[in-house]
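An overview of the molecular structure
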Amino acid sequence: MAEIENMDETKQYIVAKLGSEQYGIDIAYVDNIVRMQKITRVPKTQPYFLGVINLRGEIIPVMSMRDKLEMEEGEITGSTRIIIIKPEQNASLGLLVDEVREVVTLSEEDVEKVAYDNGREDTGIYVTGVGKYKDTLISLINISGIISD
Amino acid sequence: MDLSQYLEIFIDETKEHLQTLNDQVLIMEQDPENIDTVNEIFRAAHSLKGMAGTMGFKRMQRLTHDLENVFSEIRNGKMSVTPDIVDIVFKCLDALEGYLANIQDSADEGTEDNEEIIDLLNATLATGLGQSEDSEPPKAEAAPVSAPAGEEDKRKFRKLPIADYEVNAMKEAMERGMHAYGATVYIQETCILKAARAFLVFKGVEAVGEIIRSEPSSQDIEDEKFDFDFSLFIISEKSKEEIEKIISNVSEIKEVVLEPFTPETIQSTPEPEPEVVKEAPKEAEESGEKTEAAPEKKKAAETKKKPVVNRSVRVDIEKLDDLMNLVSELIIAKNGLVSVSESEESSHNQQFNEQIEYLERITTNLHESVMKVRMVPIESVVNRFPRMIRDLSKKLNKEMELIMTGEETELDRTVIDEIGDPLMHMLRNAADHGLESTLDRIKKGKPQVGTIRLNAYQDGNNVTIEVSDDGGGVDVEKVKASAVKKGNISEEQAEMMSDKEAIDLLFQPAFSTAEKISDVSGRGVGLDVVKSKIEGLGGDVEVNSVLGEGTTFIVRLPLTLAIIQALMVDIREEKYAIPLNSIVTVEDIPSEDVKLIQNKEVITLRGSVIPLIRLDQVLDMEPAEEEPESLVVVIVKKGDKQAGLVIDNLIGQQEIVIKPFGKYIYIHRMFSGATILGDGGVALIIDANTLV
């Protein structure tokens, strides 16, 4: 019961690694995590899209999180994963990350909201806050910001 | 009673009846003397009233009731058809469509009473009847529906004319000690198989006597050509009560009104006889109770005798979509099996390959069958156009006629649902901009009445719909001037442009050459929307126009959306699919045959010059290190334009399932979708139309 009472204040995040940094994705959006597979290039699309994959008959676009966050190119290794998120019903998106580490539970006091410049909208910003977990920092990804452009 | 389960049937049937009404009233307008048309209209209006009443849509019922009254009088020859009546009737039909739209949205008819139209209808009735000699008081006819029909009305058989030989037959029978009866049988209005019920009544009565006459005739009754009642003259030895019991034992019979006929009643004109009147309904009520108690037993016997009226089933379109999706999955799975069997050919025996081929045949047939189930004749979309053109003709004050051919051509349901608006727009366009005013036409020596044609036909895997008019055609110079003025193109561009290119300007957003803005068309939203909608359906649209002679819009649509035949090709390491319906041929062209014209690569094929499109460049690939000796060129067409797509390698023809890309990725319009390959990979589908 204690858990349920705490639901309002705590959220679970999937922690993914990009280079040396850790990013958290709200588990409520996550549909699946799959291993790296053949990605079909889509010419003339946004540069941070690597292409599309077939996941059980559904065509899902895959975005490189490194490209999206303007980090340097990474290498595809055995631990590379595609996190499939479902921001809306019937609309999926794959996020390519270097590694998926664990699921963490953060309460509201563990999260420090990123201060936005005045007047900036929620969308267009990829990180909403920074969570402290044990002695590491986790940047929390803003899903609506990622899919809005 | 819960009527919601009947709502869909009601909506479908109401649509059909309204369509019939629209069609027939149009015919009536042309040919006011045609009594068949009037009968048809009367029948449709009557059924509509009955259905609306059953479903409890009182306002709709009232309006149809008044409509029916008007036609009842026309049918009886007491009124004649005037243009005014036609206009009012059309208004009335529009109002009914309004009710129907409300019912579709909210299962409720809404609160619009349409008093105005009802008043108009009744006024028509009053003036129409005033002119004729033996007028019945119109008020009696136009009484509100809510008032129950008088008991007098129930004995409809009394109004039937009786032939001499029938009278003689009855008299003879009576002399032999038999009884003659007149009867009117009412079937419950919810009854679906009323012909079957009537048949059982006939059968029951014939077992104990003879039916000397029925109204409508037994043939009409068998064909369900009657409303919810029919009348009989019966000769029988049995008593009145016995016959009543026999009839009311048939289930779904609402009421039986039976009355003995004496020679006096036969000969004298039927006058109301109060005693009998009181008696008859009472009996009927009693028998009504019996009806409710008895019917169950009979059901089993009836089902066997059900006439095969209609061997079709109404199916929710979603179920068909599910079925189609499953077939798609099956085809993907089959493609997977095929690619496995090809890659490990040596390890399989011949039997395995035969089975694979068998499976391929079955899935292809299955796909075709499911596709056929989803096909709907375009009639369901285009049948509202004659009415629209008639209204436009009045509104624009131009004389015009619409000639439609090929309405039976079938298209996938999804396409049908989307194609209505673009077609309507093109027709409006033809009526408003295409055709000249009647005066201009006379001046030019053209037939006074402008002609708009809508022609549909199947052409391979496509369906072509042509909308043409014999109007003034597109004035290319005017189009160019307008485009320059709006800044869509520069003057230099305008000069360079071919007529065809200039006509294509019409499809640019916010482009309208109409100088006046009318509420018919000319708001500048239009042809571009038409084009994007049709392209969204995987089709394309083209215009041909001859100045002074007319304009033709040609719309090509794919027969089906989900599964297509495609040519699989290799370009470098990547696989792409090109829909087969846009491919003309595949050619091997020696590299030295490629020529440059205006710095563009072209090839000459059987006398025509075809521009070459290097797909590797279009697809942002690194240029090939060395030019191969010969190029594999896929010749594609769009309308009468052709282009050659250069590929590296042909893989072969395959049945592919078109899948949408996810929502979040930007897709260039040259790709119409993606498909899943046999090995689980993804290939993009190149929409050749966008490249030509």
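What you are looking at is a predicted structure, and each value in this text was computed from that prediction instead of being measured. (Residues numbered from 1 in each chain as written. Chains lettered and ligands numbered in written order. Predicted model: local features only at pLDDT ≥ 70, side-chain atom pairs only at ≥ 80, totals over all residues. Heavy atoms only, no water.)

In terms of helices and strands, chain B carries 25 helices and 22 strands. The contacts in chain B between residues at least 6 apart in sequence include a share of 71% that link residues at least 24 apart. Of the roughly 35,900 Å² of accessible surface on chain B, 49% is carried by carbon and sulfur atoms. (Helix = DSSP H or I, 4+ residues; strand = E, 2+ residues; numbered from the N terminus. Contact = heavy atoms within 4.5 Å. Areas by Shrake-Rupley, 256 points an atom, 1.4 Å probe, with all protein chains shown as cover.)

Turning our attention to the pairing of strand β21 (residues 671-676) of chain B. All names here are of chain B. Among the 6 residues that make up β21, 5 are buried, leaving the element largely enclosed by the rest of the structure. Note: β21 against strand β22 (residues 682-686), 5 bridges, orientation antiparallel. Pairing of Gly-673 across the sheet is with Ile-685, part of β22. Remark: 5 residues form the turn of the hairpin made by β21 and β22, two consecutive strands paired antiparallel; Gly-680 in that turn has positive phi of roughly 90°. (Buried < 20%, exposed > 50% of the residue type's maximum accessible area, 1.4 Å probe, protein only. Pairing = 2+ DSSP bridges.)

Where interface size is quoted, it is often the accessible area lost as the parts come together. Each side of the interface is counted separately: chain A has 22 residues, and chain B has 23 residues. Between chain A and chain B, a total of about 2,000 Å² is buried, with carbon and sulfur atoms accounting for 60% of that surface. Contact with chain B buries surface across chain A, with Arg41(A), Lys44(A) and Ile59(A) losing the most and accounting together for 35% of the total. Taken together, the connections running from chain A to chain B amount to 3 salt bridges. The residue Lys44(A) makes a salt bridge to Asp620(B) at a minimum N-O spacing of 3.3 Å. Our enumeration of links across chain A and chain B arrives at 11 residue pairs in polar contact (both at pLDDT 80 or more). Broken down by secondary-structure element, the contributors of at least two residues to the side of chain A that touches chain B are β4 (49-55), β5 (58-64), β6 (81-88) and β7 (91-97) of chain A. The greatest single-element share of the side of chain A that touches chain B, amounting to 5 residues, is contributed by β4(A). (Buried area = accessible area lost by both parts, 1.4 Å probe. Salt bridge = Lys/Arg side-chain N within 4 Å of Asp/Glu carboxyl O. Polar contact = N/O pair within 3.5 Å; in protein donor to acceptor, adjacent residues only side chain to side chain.)

On to the packing of aromatic side chains. Residue and element names in this part refer to chain B. Counted by the stated rule, this structure contains 5 aromatic pairs over all chains. Ring geometry for Phe-10 against Phe-57: centres 5.2 Å apart, planes inclined by 45°, an arrangement best described as tilted. Of this pair, Phe-10 sits in helix α1 (residues 4-30) while Phe-57 sits in the loop between α2 (35-55) and α3 (58-75); the two residues are 47 residues apart in sequence, bridging distant segments of the chain. Both residues of the pair, Phe-10 and Phe-57, belong to the buried class. Plain terms: the ring middles of Phe-507 and Phe-553 are 6.3 Å apart, the flat faces sit at 85° to each other, and that makes the pair edge-to-face. Here Phe-507, found in the loop between α23 (499-504) and α24 (527-536), pairs with Phe-553, found in strand β11 (residues 550-558); they are 46 residues apart in sequence, far enough to count as distant. Accessibility classification places Phe-507 together with Phe-553 in one group, the buried group. The residue whose ring lies beneath Arg-75 is Phe-42, and the NZ or CZ to ring-centre distance is 3.8 Å. Its guanidinium or amino end placed over the ring of Phe-507, Lys-531 lies 5.1 Å from that ring's centre, counting from NZ or CZ. (Phe/Tyr/Trp six-rings, centres within 6.5 Å; stacked < 30°, edge-to-face > 60°. Lys NZ or Arg CZ within 6 Å of the ring centre and 35° of its normal.)

With that settled, consider α3(B). Relative to the 26 Å expected for 18 residues at 1.5 Å per residue, α3(B) spans 25 Å between its end C-alpha atoms, a close match to the ideal helical length. Taken from the residues just after α3(B), Gly77(B) is the one with a positive phi, measuring 75°. (Expected span 1.5 Å × (residues − 1).)

Before going further, it helps to spend a moment on the sheet that holds strand β6 (residues 400-405) of chain B. Residues and elements named next belong to chain B. Read across the open sheet, the 5 strands follow the order β6-β8-β9-β11-β10; overall the sheet is mixed. Unpaired on one side and paired on the other, β6 and β10 (540-546) mark the two borders of the sheet. Direction aside, the axes of adjacent strands within the sheet are offset by 15° on average. The pairing of β10 with β11 spans 7 bridges and is classified as antiparallel. Bridge pairing in β11 links Asp-540 to Arg-556. Set on the sheet, helix α18 (residues 385-396) makes contact with β6 and β8 (450-459); between it and β6 the angle comes to about 165°. Packing of helix α19 (residues 413-434) onto the sheet brings it into contact with β6, β8, β9 (462-469) and β11, and relative to β9 it is tilted by some 20°. (Axes fitted to C-alpha atoms, helices over the stretch in contact; angles between N-to-C directions.)

The next point concerns the side chain of His17(B). Tracing the backbone shows His17(B) in helix α1. Non-local contacts of His17(B), meaning those with residues more than four positions away in its chain, are made with Ala44(B), Ser47(B), Leu48(B) and Met51(B).

Glancing now at helix α11 (residues 240-248) of chain B. If you check which residues of α11(B) are buried, you get Lys240(B), Ile243(B), Glu244(B), Ile247(B) and Ser248(B). Along α11(B), the residues classed as buried sweep out an arc of 125° about the axis, all on the same side. (Arc of directions from axis to C-beta.)

A few words on the confidence of the model for chain B. Residues and elements named next belong to chain B. Per-residue confidence for chain B gives a mean pLDDT of 78, with 85% of residues at or over 70. Taken element by element, chain B is modelled with least confidence in helix α6 (residues 138-141), mean pLDDT 40, and with most confidence in β22, mean pLDDT 94. Ignoring residues within four places in sequence, the model shows residues 132-151, a span with pLDDT below 50, making 20 contacts including any to other chains. Of the regions scoring below 50 in pLDDT, residues 515-524 engages in 21 contacts with residues more than four places distant in sequence or in other chains. Here the complex is predicted with pTM 0.53, and the ipTM for its interfaces comes to 0.87. (pLDDT = per-residue confidence, 0-100.)

We now examine unusual backbone geometry. The phi dihedral of Lys134(A) is positive, around 50°, even though this residue is not glycine. Examined against the element boundaries, Lys134(A) turns out to sit in the loop between β10 (127-133) and β11 (136-141).

Residue and element names in this part refer to chain A. Taken in spatial order, the 6 strands of this open sheet run β8-β1-β2-β11-β10-β9, and their pairing is mixed. The strands lining the two open edges of the sheet, one partner per strand, are β8 (99-107) and β9 (111-113). On average, each strand axis in the sheet is tilted by 35° relative to the strand beside it, whichever way the strands run. In terms of strand pairing, strand β2 (residues 21-26) meets β11 through 2 bridges, oriented parallel. Bridging from a neighbouring strand, Tyr-23 pairs with Ser-139 of β11.

In this section: the side chain of Thr80(A). Residue and element names in this part refer to chain A. In this structure, Thr-80 sits in the loop between α2 (65-68) and β6. By relative accessible area, Thr-80 is classed as buried at 3%. Leaving out residues up to four positions away in the same chain, Thr-80 has contacts with Arg-35, Met-36, Glu-75, Leu-96, Val-97 and Asp-98.

All names here are of chain B. Of all 9 residues in strand β18 (residues 630-638), 7 are buried, a share of seventy percent or more. For strand β14 (residues 583-590) and β18, the ladder comprises 7 bridges, and the chain directions are antiparallel. Bridge pairing links Val-586 to Val-634 in β18. Sheet topology note: the β18/strand β19 (residues 641-647) ladder contains 7 bridges and is antiparallel.

Glancing now at the pattern of salt bridges. Residues and elements named next belong to chain B. For the coordinates displayed, the defined rule picks out 33 salt bridges over all chains. Across the pair Asp-540 and Arg-556 runs a salt bridge whose closest N-O atoms are separated by 3.2 Å. A residue pair is termed long-range when its members are at least 10 positions apart, and Asp-540 in strand β10 and Arg-556 in strand β11 qualify at 16 residues. Taken individually, Asp-540 and Arg-556 each receive the classification buried, so the pair is uniform in this respect. Counted as one network, the salt bridges with shared partners bring together Glu-29, Asp-87, Asp-94, Arg-387, Arg-390, Asp-391 and Lys-394.

Looking now at the nonpolar core. Burial of nonpolar side chains together is a common tendency in soluble globular proteins. The biggest cluster of nonpolar side chains holds 62 residues, and the ones touching the most others in it are Met65(A), Tyr576(B), Leu619(B) and Leu645(B). Excluding residues that lie within four positions of it along the chain, Leu619(B) makes contacts with Arg41(A), Pro43(A), Ile571(B), Tyr576(B), Met670(B), Phe671(B) and Ile686(B). With 49 residues, the next largest nonpolar core counts Ile389(B), Leu454(B), Met497(B) and Leu527(B) among its residues. (Core = buried A, V, L, I, M, F, W, Y, C linked by side-chain atoms within 4.5 Å.)

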